[in-house]
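The chain contents come next:
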Amino acid sequence: MGDQVTAPNTPFRLPVRTRIAMGVRLLALQGSWNYETLNGTGVGFAMEPALRLLPGGVKGEQYRAALARESRYFNAHPYLASVAVGALTRAELDGVDPTRIERFRTALAGPLGSVGDRLVWASWLPFCSLVAIGVFGAGGSPLLVVGTFLLLYNAGHILLRAWGLRIGLARGLNVASALGTPVLRQGPLYIGCAAALVAGFALPLALERIVGPGRVILGGIVATAVVGIFLLGRLRERAEGWRIALGVLAVFVLYSVLT
Amino acid sequence: MNFLEALPIALLGALLGLDVVSFPQAMISRPIVASTAAGSFIGNPPAGLLIGVVLEMIALDTLPFGASRYPEWGSAGVVGGAIFASQPESMPGALPAALLAALLTASISGWSMVVLRRMIASRLERTRDRLEDGSRNALVSLHLTGMTLDLLRGLLVTLVAMVIFAPLVKAIVAVWGTESAASNAVVVVIAAVVAGGALWKVFHSVHRVLWFFFAGIAVWALWAIK
């Protein structure tokens, strides 16, 4: 090991036990999330099993310096942080200059946050929710609805984490190009279109099942909902929908109790 | 509901509350899962699923972007599901009252997450020297403490919410004055408006998204005609 630049896609071997330990720890990446280091300590925690392979092991100076460095402030989407964990692990084990690692760490955080937020929180999660709501609307049993949601969502979730760790370990400091992959760049657009299609089908179907039979009531609900969505859209970022829902519901409950 | 009756539900709330941020973020904390699980605990999974779907629509408005503050749906889903599933069937006020209890729990639980994060930061401050020295024990201890505190947070929030809201919802349902269809309609309109607004906020920039939405509506219309 020495101060060297990682060649892209160079085979890189980590013991299977170490990879598994890192994979499990990645699931707990945000266990110590806080307003000081955000998920920085989580990155150090996930990398720790691999850092034991540094010369001198857990008592060695390299291990302690690397663990301290990797546990500082870091902010990324929790799933795509696996890319950083893989790449930084590779860099540390390749003996890359610490200054370079710190610069790379700083540069990587922003893209991993924004790409992950767009792909997972703003696309994949709502899409899976809508599919599950659609299964409910179509008359699905509790087991089918919950099973559909969990299987679909976690297929994407686990694949993304596993891909991130693998690509990070394989490419090291050259991992940035992997973030340009079509799935990450175009994925949110395609998933957004699919989610809109499913929403048009799933939401009225679910509303129908909750309200029960009666087309007049359903028609009234849809018309009121359209007006409500329009008004909420006009408010944009000035008000949170769920807070308005809480207020309206509280007033309705009070009214129904007092009358 | 007394302390001992609420304890198994609180344990479920603790486990699902942990999933929101700490471990494993597999979205078992989403209301559609959490409420159904709580309903199953009570012996009425369909009721848990029903309120879970309503909560899921509302939860679409609060996706966990970055370091933003958001309501915590894991414990809230459990509270809503357990309370609604334990009401006698066809009680008009059960759905709105249980939903209100769940939303209040989500709000309080979201605040408890902020407190937890400050507590972890405070512990981090106390161990900063050891962390800067590369101490494995300090790092692992900080991490495990954070997760344990999160588990306890979920347990406490769910327990307190169940002890307060379960009898309150029962009392509300007993004196409810609005008929069943209207009560459910109000809940459904609220959920549809929040879900619609949330989806518009997230997807409005996607090219031709409205066409896809209307195509979906057309599929639903065909389904309804059939």
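As a reminder, the structure under discussion sits directly above these lines.
If you're wondering where the values come from, they're calculated on a predicted model, not measured in any experiment.

Topic: the overall build of chain A
Link 1 in the chain: Along its length, chain A carries nine helices and zero strands.
Link 2 in the chain: Listed by position from the N terminus, the elements making up chain A come as α-α-α-α-α-α-α-α-α.
Link 3 in the chain: Here the C-alpha atoms of chain A give a radius of gyration of 24 Å, more than 25% beyond the 18 Å that 2.2 N^0.38 yields for 259 residues.
Link 4 in the chain: Viewed in the frame of its principal axes, chain A has a C-alpha envelope of about 75 × 35 × 30 Å.
Link 5 in the chain: The proportion of buried residues among the 259 residues of chain A is 55%.
Link 6 in the chain: Roughly 11,100 Å² of accessible area belongs to chain A as shown, and the carbon and sulfur atoms make up 66% of that amount.
Link 7 in the chain: Side-chain charges of chain A comprise 24 positive and 13 negative groups, with the mean position of each set lying 7 Å from the other.

Brief notes about the interface of chain B and chain A
Link 1 in the chain: Opposite the 94 residues of chain B that make contact, chain A presents 92 residues.
Link 2 in the chain: Summing both sides of the interface, chain B and chain A together bury roughly 8,000 Å²; the carbon and sulfur share of this comes to 77%.
Link 3 in the chain: Across the contact surface, chain B and chain A share four salt bridges.
Link 4 in the chain: Ionic pairing is found between A:Glu36 and B:Arg128, a salt bridge with its closest N-O pair at 3.7 Å.
Link 5 in the chain: Where the side of chain B that touches chain A is concerned, the elements lending two or more residues are α2 (31-42), α3 (45-59), α5 (94-126), α6 (128-132), α7 (136-174), α8 (180-203) and α9 (209-225) of chain B.

A few points about the side chain of B:Ser109
Link 1 in the chain: Among the secondary structure elements, B:Ser109 is positioned in helix α5.
Link 2 in the chain: Not counting residues within four places of it along the chain, the set of residues in contact with B:Ser109 comprises B:Glu72, B:Ser75, B:Arg153 and B:Val157.

Things to note about helix α7 (residues 182-211) of chain A
Residues and elements named next belong to chain A.
Link 1 in the chain: In this model, α7 (30 residues) spans 41 Å end to end at C-alpha, consistent with the 44 Å of a helix rising 1.5 Å per residue.
Link 2 in the chain: Pro-188 marks where α7 bends most, by close to 35°.
Link 3 in the chain: Positive phi appears at Gly-212, one or two residues downstream of α7, with a value of about 90°.

Overview of the packing of aromatic side chains
Residue and element names in this part refer to chain A.
Link 1 in the chain: All told, the structure shown has nine aromatic pairs over all chains when counted by the stated rule.
Link 2 in the chain: Through a chain of ring-to-ring contacts, the aromatic side chains of Tyr-79, Trp-121, Phe-149 and Tyr-153 assemble into a single cluster.
Link 3 in the chain: Lying across the ring of Phe-45, Arg-25 places its NZ or CZ 4.5 Å from the centre.

Considerations on a nonpolar patch on the surface
Residue and element names in this part refer to chain B.
Link 1 in the chain: There is a patch of nonpolar side chains on the surface, built from Leu-104, Ile-108, Trp-111, Val-115 and Met-119 and spanning about 470 Å² of accessible area.
Link 2 in the chain: Locating Met-119 in the fold gives a position in helix α5.
Link 3 in the chain: Among the residues examined, Met-119 registers a relative accessible area of 43% and is labelled partly exposed.

A closer look at the packing of helix α9 (residues 241-258) of chain A against α5(B)
Link 1 in the chain: The geometry of α9(A) relative to α5(B) is characterised by a closest axis approach of 10 Å and an angle of 140° between their N-to-C directions. Regarding the angle of α9(A) to α5(B), the classification is oblique. The element α9(A) and its partner α5(B) pack so that their crossing is left-handed. Contacts between α9(A) and α5(B) involve A:Trp242, A:Ala245, A:Leu246, A:Leu249, A:Ala250, A:Phe252 and A:Val253 from the first element and B:Pro96, B:Ala97, B:Leu99, B:Leu100, B:Leu103, B:Leu104 and B:Ser107 from the second.
Link 2 in the chain: Considering only residue class, the contact of α9(A) with α5(B) consists of 13 nonpolar, one polar and no charged.

Notes on unusual backbone geometry
Residue and element names in this part refer to chain B.
Link 1 in the chain: Residue Pro-24 is bonded to the preceding Phe-23 through a cis peptide linkage, with omega at -10°.
Link 2 in the chain: Its location among the elements puts Pro-24 in the loop between α1 (3-21) and α2.
Link 3 in the chain: Unlike most non-glycine residues, Gln-25 shows phi in positive territory, near 55°.
Link 4 in the chain: Tracing the chain through its elements places Gln-25 in the loop between α1 and α2.
Link 5 in the chain: Since its relative accessible area comes to 4%, Gln-25 is described here as buried.
Link 6 in the chain: Backbone geometry places Arg-208, a non-glycine residue, at a positive phi of 60°.
Link 7 in the chain: Mapped onto the secondary structure, Arg-208 falls in the loop between α8 and α9.
Link 8 in the chain: Residue Arg-208 is classed as exposed on the basis of its relative accessible area of 57%.

Observations regarding the pattern of salt bridges
Link 1 in the chain: Applying the stated criterion across every chain, the model contains 16 salt bridges over all chains.
Link 2 in the chain: Among the salt bridges present, the one from A:Glu48 reaches A:Arg52, with a minimum N-O distance of 2.8 Å.
Link 3 in the chain: A relative accessible area of 0% means that A:Glu48 is categorised as buried.
Link 4 in the chain: Judged by relative accessible area, which is 34%, A:Arg52 ranks as partly exposed.
Link 5 in the chain: Among the salt bridges present, the one from B:Glu125 reaches B:Arg128, with a minimum N-O distance of 3.1 Å.
Link 6 in the chain: Note on B:Arg128: relative accessible area 28%, which makes it partly exposed.
Link 7 in the chain: One network of salt bridges, in which partners are shared, links A:Arg25, A:Glu48, A:Arg52 and B:Arg136.

Parameters and conventions
Residues numbered from 1 in each chain as written. Chains lettered and ligands numbered in written order. Predicted model: local features only at pLDDT ≥ 70, side-chain atom pairs only at ≥ 80, totals over all residues. Heavy atoms only, no water. Helix = DSSP H or I, 4+ residues; strand = E, 2+ residues; numbered from the N terminus. Rg over C-alpha atoms; globule rule 2.2 N^0.38 Å. Buried < 20%, exposed > 50% of the residue type's maximum accessible area, 1.4 Å probe, protein only. Areas by Shrake-Rupley, 256 points an atom, 1.4 Å probe, with all protein chains shown as cover. Lys, Arg positive; Asp, Glu negative; His and termini not counted. Charge placed at Lys NZ, Arg CZ, Asp CG, Glu CD. Contact = heavy atoms within 4.5 Å. Buried area = accessible area lost by both parts, 1.4 Å probe. Salt bridge = Lys/Arg side-chain N within 4 Å of Asp/Glu carboxyl O. Expected span 1.5 Å × (residues − 1). Bend = angle between axes of the 7 residues up to and from the residue. Phe/Tyr/Trp six-rings, centres within 6.5 Å; stacked < 30°, edge-to-face > 60°. Lys NZ or Arg CZ within 6 Å of the ring centre and 35° of its normal. Patch = residues over 30% accessible without salt bridge, like charges linked within 9 Å, V, L, I, M, F, W, Y side chains within 5 Å. Axes fitted to C-alpha atoms, helices over the stretch in contact; angles between N-to-C directions. Parallel < 35°, antiparallel > 145°, perpendicular 65-115°, else oblique. Left-handed = near helix turned anticlockwise from the far one by under 90°. Nonpolar A, V, L, I, M, F, W, Y, C, P; charged D, E, K, R; others polar.

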